[in-house]
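Below are the chains, spelled out letter by letter.
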Amino acid sequence: MKRVYVNEKWCLGCRLCEYNCAFANSGEKDMVKALKGKKIYPRIRVDEHDGITFAVSCRHCEDPICVKSCIAGALSKEGDGMVKLDRTKCVGCLTCVLVCPYGAVVQDERGAALKCELCLTNTAGYPACVKGCPNAAIVYEERD
Amino acid sequence: MPNYILPDFEVERRDDRCIRCRVCERQCANEVHSYDEENDVMLADELKCVGCHRCVALCPTRALKIVKYSGTFRENANWSNQSILEIYKQAESGGVLLSSMGTPNPYPVYFDKILINASQVTNPSIDPLREPMETRVFLGKRPQNIERDETGKLNNNLPPQLELSVPIMFSAMSYGSISYNAHESLARAATELGIYYNTGEGGLHEDFYKYGPNTIVQVASGRFGVHKGYLDVAAAIEIKMGQGAKPGIGGHLPGEKITEDVSRARMIPVGTDAISPAPHHDIYSIEDLRQLVYSLKEATEYKKPVIVKVAAVHNIAAIASGIARSGADIIAIDGFRGGTGAAPTRIRDNVGIPIELALASVDKRLRDEGIRGNVSLVVAGSIRNSADVVKAIALGADACYIGTAALIALGCHLCRTCHLGKCNWGIATQRPDLVKRLNPEIGYKRLVNLVTAWQHEIKELLGGMGINSIEALRGNRLMLRGVGLNEKELEILGIKHAGE
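No experiment lies behind these values; they were computed from the predicted model shown.

Caption draft 1: Spotlight on the sheet that holds strand β15 (residues 306-311) of chain B. Residue and element names in this part refer to chain B. Here eight strands make up an open sheet; going across it, the order is β9-β19-β18-β16-β15-β12-β11-β10 and the pairing parallel. With one partner strand each, in any of the chains shown, β9 (168-170) and β10 (197-198) form the two edges of the open sheet. Alignment of β9 against strand β19 (residues 399-402), held across three bridges, turns out to be parallel. Bridged to M169 within β19 is Y401. In this fold helix α8 (residues 316-324) packs onto β15 and β16 (330-334), with an angle of close to 155° to the strand it touches most, β16. Helix α10 (residues 355-368) rests against β16 and β18 (376-380) of the sheet, and its axis sits at about 170° to β18.

Caption draft 2: Representation of the pairing of β18(B) in the model. Residue and element names in this part refer to chain B. Summarising burial for β18: five of the five residues are buried, a large majority. Side chains S376, V378 and A380 project from β18 onto one buried face, and the interleaved L377 and V379 project onto a second face that is buried too. Alignment of β16 against β18, held across five bridges, turns out to be parallel. In the strand pairing of β18, I331 is matched with L377. Summarising the sheet, β18 and β19 pair through two bridges and their orientation is parallel. From the neighbouring strand, V378 faces β19, where its bridge partner is A399.

Caption draft 3: Molecular detail of the sheet that holds strand β21 (residues 496-497) of chain B. All names here are of chain B. Taken in spatial order, the three strands line up as β6-β20-β21 in an open sheet, and their pairing is mixed. Of all strands in the sheet, those with a lone pairing partner are β6 (114-116) and β21, marking the two edges. With three bridges connecting them, β6 and strand β20 (residues 480-482) associate as antiparallel partners. Counted as the bridge partner of I116 is L480 from β20. Docked against the sheet, helix α11 (residues 386-394) engages β6 and β20, running at close to 95° with respect to β6.

Caption draft 4: Structural view of the packing of α11(B) against helix α14 (residues 440-465) of chain B. All names here are of chain B. Viewed as axis vectors pointing N to C, α11 and α14 meet at an angle of 50°, and their least axial separation amounts to 9 Å. In terms of axis orientation, α11 runs oblique to α14. Where α11 crosses over α14, the handedness of that crossing is right-handed. Taking contact as the criterion, the partners of S386, A387, V389 and V390 in α11 are, on α14, W454, E457, I458 and L461. Broken down by class, the residue content of the contact of α11 with α14 amounts to six nonpolar, one polar and one charged.

What counts and how
- Residues numbered from 1 in each chain as written.
- Chains lettered and ligands numbered in written order.
- Predicted model: local features only at pLDDT ≥ 70, side-chain atom pairs only at ≥ 80, totals over all residues.
- Pairing = 2+ DSSP bridges.
- Helix = DSSP H or I, 4+ residues; strand = E, 2+ residues; numbered from the N terminus.
- Contact = placed C-beta atoms within 7 Å.
- Axes fitted to C-alpha atoms, helices over the stretch in contact; angles between N-to-C directions.
- Buried ≥ 20, exposed ≤ 12 C-beta atoms within 10 Å, placed from the backbone.
- Parallel < 35°, antiparallel > 145°, perpendicular 65-115°, else oblique.
- Left-handed = near helix turned anticlockwise from the far one by under 90°.
- Nonpolar A, V, L, I, M, F, W, Y, C, P; charged D, E, K, R; others polar.

Shown next as structure tokens:
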């Protein structure tokens, strides 16, 4: 399946991906209206240490431990390989946040889980982090 | 020491749009922007802003605008703000003023006073989308006569040539003055386009030897990075006698830019200043130049053309005539509007002559002396678009070098502070966190796009004139007319006035 990959070599740590992600998932048409004066809950996050930066988002694992650990059955592995979160079922136990080896599942403002769904379930239609990355550090492609 | 300097720019931030993402703050190597958490406001230290527009380009909500500083001293047509500020700077530092890129001063741009012809009624124009159009050119010495062996077959007496798919090459810019990623972008683009890039006087990084067939290596007064392998790998060798932005002086790459990699490519210790002397200490005459030309030819078994690059100065026609007799295959002439990574401001803004006049007078002189075929002519020094290329070729050039235009394609915003080494676009810097901002995967494609676009435009212009090859345009000054030029200027350019 096509996944979002990050090349640390080209990641500038500008964090535009985080804002583009939050905007894409806001449902708003205007970024200012969507994000002005609000704390953002992006599904991709830039990790930064000692001059090294790279963005992390859901890897859509072959054998996702988050799906196994979900007590509410909110997480599922779709036929196309995407790990999907049904937020209407999420009870906010955050087990998935604890077990994810990449730290790719996060909490939203209500305390429920939040994760990257490749912008396939929102209005963007194509990963907004990839589209907005100024240095092509984030790519959306098929790899073996 | 008190500091009287005024800012060059003001940072205008539309607070109704700013979402406090702080991308501007993270991306500014000059540390203009900062965030005050307590009051939740973005702040700006305008004095540090160089106007590179990195923040403007990356601001996701277009909340930023960089505008000219509106403050002023008492208006004075003689003492401009610039003149006053330069004196403050020198009174403070006691040093030579440094500048980067080409002169911003309003000298005449002759290319903008020359118009191109087109066919109407009496001769047909050509549609380049339907008919073949040749933009390929060869650079090098032309054979003086046809030689045959005893059976009457032709002897191949063609001296080594450079083949260009389009009459454009990337100017000399050293690894050191520009970044690894900028060099990789240029090298890959040249390879894909079937043209050449030029190492400048910085040696050649080992990673780029694979682009050798599209590389021109430079031998300059500091001889940095010159060794047998360097000469052997290249397609051609350029002896740099001068540079348009700073004729008559050498170069100085500060020690901070001599990183581990740069030091290896230049063959000098890490952290030492790389100083190129003003003259070549072994060249005091055309005869001396001839010795270096032939030393380089000897070292490379006469397989590669040798280019001699000079700045356009007052006696350029006589100088070029000498070079054409020195054994050089190609003369590159760099006009005074040409760019640089750093030059003393007074030299950049006051020394040299415009490339259009230099080119026209050199081409005429070489023709008059019957030695035009000895050399190809490459011109540089602010070739801004495909029309400049076409005009240069009609004035007598074989090809053009583009430096500034190539850097702009890579993202350069002409802020002209290369000499500070903090290029926010990852071009004129060696700071690893800034160098990585230029992803060569993007960079080389932008360069390929630029030259491809110019090639299309050149074909359109040629077709309009009813010409189907660059060869038929070269030195074809009847295709040009001047507007608003005086008799002397028209005489030097060898063109008629519009309406004639």
